[in-house]
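Understanding the architecture of this molecule
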Amino acid sequence: MTDEELPEGWRVWNEESQKLILTYRPDVFNSDAYPAPCLPTIHIRKGKPSRKPGRNTPAPDASWYVQLYLEPDVSMSAEAYDSREEAEPAAHELAAQFSDGKIDYRELYQVPREAYFDKLDELTGE
């Protein structure tokens, strides 16, 4: 997956054989105006996101998971796919929905960050 293939605002942050991380507008959410953990990301990874620490190698038949994070402890539920070939288009669609303002990120928070929400609203067309 390349930056050119992603919806507007999304970038490939890191790509490994069993994990791919996409970021949204790292030029805006760059830790100067907003805390670094507020960088929206989509993780595409082989193996359960909640697997035990120290178990870095997923089973060969492990599913691939796609999950949107707004902060390390603020995320949507992970969706499972049988292969990376299925997970990447799903991540692309999730990124497009986010960019188009179709994800209700406020619902994911227990303690809202109003200035952060205002900026996300501005960038995602809300």
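How each quantity is defined
Residues numbered from 1 in each chain as written. Predicted model: local features only at pLDDT ≥ 70, side-chain atom pairs only at ≥ 80, totals over all residues. Heavy atoms only, no water. Helix = DSSP H or I, 4+ residues; strand = E, 2+ residues; numbered from the N terminus. Expected span 1.5 Å × (residues − 1). Buried < 20%, exposed > 50% of the residue type's maximum accessible area, 1.4 Å probe, protein only. Contact = heavy atoms within 4.5 Å. Pairing = 2+ DSSP bridges.

This part takes up helix H1 (residues 84–99). Here H1 spans 22 Å end to end across 16 residues, near enough to the 22 Å set by a 1.5 Å rise per residue. All of the buried residues along H1 are Arg84, Ala87, Glu88, Ala90, Ala91, Leu94, Ala95, Ala96, Phe98 and Ser99. Looking at the buried side of H1, the elements it contacts are strand E1 (10–16), strand E2 (19–24), strand E3 (41–46), strand E4 (64–71), strand E6 (79–81) and helix H2 (114–124). Immediately beyond the C-terminal end of H1, within one or two residues, lies Gly101, with a positive phi of roughly 75°.

In this section: the pairing of E2. On a regular strand, each side chain points to the face opposite its neighbour's, so the side chains alternate between the two faces of the sheet. In terms of burial, E2 is largely enclosed, as 5 of its 6 residues are buried. When E1 meets E2, the two strands line up antiparallel, connected through 6 bridges. Bridging from a neighbouring strand, Trp10 pairs with Tyr24 of E2. Hairpin connection between E1 and E2: a loop of 2 residues separates the two successive antiparallel strands.

Time to look at the side chain of Thr41. Locating Thr41 in the fold gives a position in strand E3. Here Thr41 falls in the buried class, since its relative accessible area comes to 12%.

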